[in-house]
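Structural overview for review
Listed below, chain by chain, are the residues.
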Amino acid sequence: MAKLNFGGSEESVVTREEFPLSKAQEILKNETVAVIGYGVQGPGQALNQKDNGINVIVGQRKDSKSWDKAVKDGFVPGETLFEIEEALQKGTIICYLLSDAAQIALWPTVKKHLTKGKALYFSHGFGITFNEQTGIIPPADVDVFLVAPKGSGTSLRRMFLQGRGLNSSYAIFQDATGNAFDRVIALGIAVGSGYLFETNFKKEVFSDLTGERGTLMGAIQGIFAAQYQVLRDKGHSPSESFNETVEELTQSLMPLVAENGMDWMYANCSTTAQRGALDWWKKFRDATSPVFKELYESVATGKESQRSIDLNSQPDYRVKLEAELAELRESEMWQAGKTVRSLRPENQKAPAAAPVESSTKNVFREQTEKTESVG
């Protein structure tokens, strides 16, 4: 493991240089990796492992949309795609990638097939950390670990296809075989991680739940909505309000932050923008800090996990979820965004090729079209 300095703190990081794909393939050559669930993380992780030469199978409920998606993605029923319980029987490493609520419901079935020497793999520390709420307590004779990609399964797959890697955290909760470290790192490389940094199950889920509710999703939507509404209330058009709130950030500025950091982004903006950002960022920090502290406490005390379990396990959860998503989707801000995105050059339809004619006719046609387009 490499020892790297992160802002003055030394941490252990596993990179592809020291742990290449060939090493991961060697470690996993006798394993059957059963990906249980083909929803959010399942497709990206399963397909990346498949393309990396790992013996991966998918367990999914038959005649579901996810089953059909797995077939479309190249998994073959009876060969690499099975009903969940059959996949659990065949797998030596169980990648438990169902939603948190679904993991609770299926746990008795999963536990039945966790025989000695197998491994239970998560991409989230929820089920283990909050086991008093979830009931997920693995047998003592199996390895238990996680690889948590720092992004969606869609991003994981897209970056893999681009020859890139999404950074991931890893943690070992239980090393029953003595091989848990090699197994978890091999899987981390196989699913498409760019590098892996060490954590534990509790820290992973605390930071993850805080991040999702905070800057990654909840806070950013709240800030977008607040600024957009202020601009609209002051008479700015929907397009101008959206462009100044969302489009410029996501299309122009965040790529600069990703490239070299916030100071790099500031340095590539006007001096007026720099001055304003430097004057105001601490005010936003001080205003939001109490909210983040409240959020973290809600996560750490189990309030957020219990709320997720209670609401996400209700039979009408999907209906209520769609209603909440529709509220976002149909809001003026995101309807304006839909139009703005359609205007991006890469989303414009390419003009149909004109028939080959004489150069004189082409010049005449261009002049006529320019004239007709005016007024």
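Residues numbered from 1 in each chain as written. Predicted model: local features only at pLDDT ≥ 70, side-chain atom pairs only at ≥ 80, totals over all residues. Heavy atoms only, no water.

Section: the pairing of strand β7 (residues 119–122)
Of the two faces of β7, the one carrying A119 and Y121 and the one carrying L120 and F122 are both buried. Note that strand β6 (residues 93–96) and β7 share three bridges and pair parallel. Note on β7: the bridge partner recorded for I94 is L120. Since β6 and β7 lie parallel, the crossover through helix α5 (residues 100–112) that links them has a hand, and here it is right-handed. (Buried < 20%, exposed > 50% of the residue type's maximum accessible area, 1.4 Å probe, protein only. Helix = DSSP H or I, 4+ residues; strand = E, 2+ residues; numbered from the N terminus. Pairing = 2+ DSSP bridges. Right-handed = clockwise from strand over helix to strand, strands pointing away.)

Points about the packing of helix α10 (residues 201–213) against helix α14 (residues 271–300)
Two elements in contact, α10 and α14, have axes separated by 9 Å at closest approach and are oriented at 135°. It follows that α10 is oblique to α14 by the angle criterion. Note on packing geometry: the crossing formed by α10 with α14 is right-handed. Residues V205, F206, L209, T210 and R213 of α10 form the contact with α14, whose own contacting residues are L295, Y296, V299 and A300. Split by residue class, the contact of α10 with α14 holds seven nonpolar, one polar and one charged. (Axes fitted to C-alpha atoms, helices over the stretch in contact; angles between N-to-C directions. Parallel < 35°, antiparallel > 145°, perpendicular 65-115°, else oblique. Left-handed = near helix turned anticlockwise from the far one by under 90°. Contact = heavy atoms within 4.5 Å. Nonpolar A, V, L, I, M, F, W, Y, C, P; charged D, E, K, R; others polar.)

Considerations on α5
Side chains three or four residues apart in an α-helix point the same way, a direct result of the helix having 3.6 residues per turn. With 13 residues, α5 should cover 18 Å at 1.5 Å per step; its first-to-last C-alpha distance of 19 Å lies within 8% of that length. Most pronounced at L106, the bend in α5 amounts to some 60°, and the proline P108 follows within four residues. Of the residues making up α5, those classed as buried are A101, Q103, L106, W107 and V110. In this fold, the buried residues of α5 make contact with β3 (33–36), α4 (84–90), β6, β7 and α15 (303–312). (Expected span 1.5 Å × (residues − 1). Bend = angle between axes of the 7 residues up to and from the residue.)

What to know about a negative patch on the surface
On the surface, D63, D68, E83 and E86 cluster together into a patch of negative charge. Within the element layout of this structure, D68 appears in helix α3 (residues 65–72). (Patch = residues over 30% accessible without salt bridge, like charges linked within 9 Å, V, L, I, M, F, W, Y side chains within 5 Å. Areas by Shrake-Rupley, 256 points an atom, 1.4 Å probe, with all protein chains shown as cover. Salt bridge = Lys/Arg side-chain N within 4 Å of Asp/Glu carboxyl O. Lys, Arg positive; Asp, Glu negative; His and termini not counted. Charge placed at Lys NZ, Arg CZ, Asp CG, Glu CD.)

Some details on the pairing of strand β9 (residues 166–174)
One ladder, built from six bridges, connects strand β8 (residues 143–149) with β9; its direction is antiparallel. From the neighbouring strand, L146 faces β9, where its bridge partner is A171. Since β9 and strand β10 (residues 193–198) lie parallel, the crossover through helix α9 (residues 180–190) that links them has a hand, and here it is right-handed.

Observations concerning the packing of helix α12 (residues 238–260) against helix α17 (residues 332–342)
Put simply, α12 and α17 touch, their axes get as near as 9 Å, and they point 85° apart. With respect to their mutual orientation, α12 and α17 come out roughly perpendicular. Side by side, α12 and α17 meet where P238, F242, N243, V246 and E247 of the first sit next to E332, M333, W334, A336, G337, V340 and R341 of the second. The residue inventory of the contact of α12 with α17, partitioned by class, reads seven nonpolar, two polar and three charged.

Description of the sheet that holds strand β5 (residues 81–82)
If you walk across this open sheet you meet the 10 strands as β1-β2-β10-β9-β8-β7-β6-β3-β4-β5, and the pairing is mixed. Looking at strand neighbours, the two that pair on one side only are β1 (2–6) and β5, the edges of this open sheet. Examined bridge by bridge, strand β2 (residues 9–15) and β10 share three bridges and lie antiparallel to one another. Considered in β10, the bridge of V14 is made with L196.

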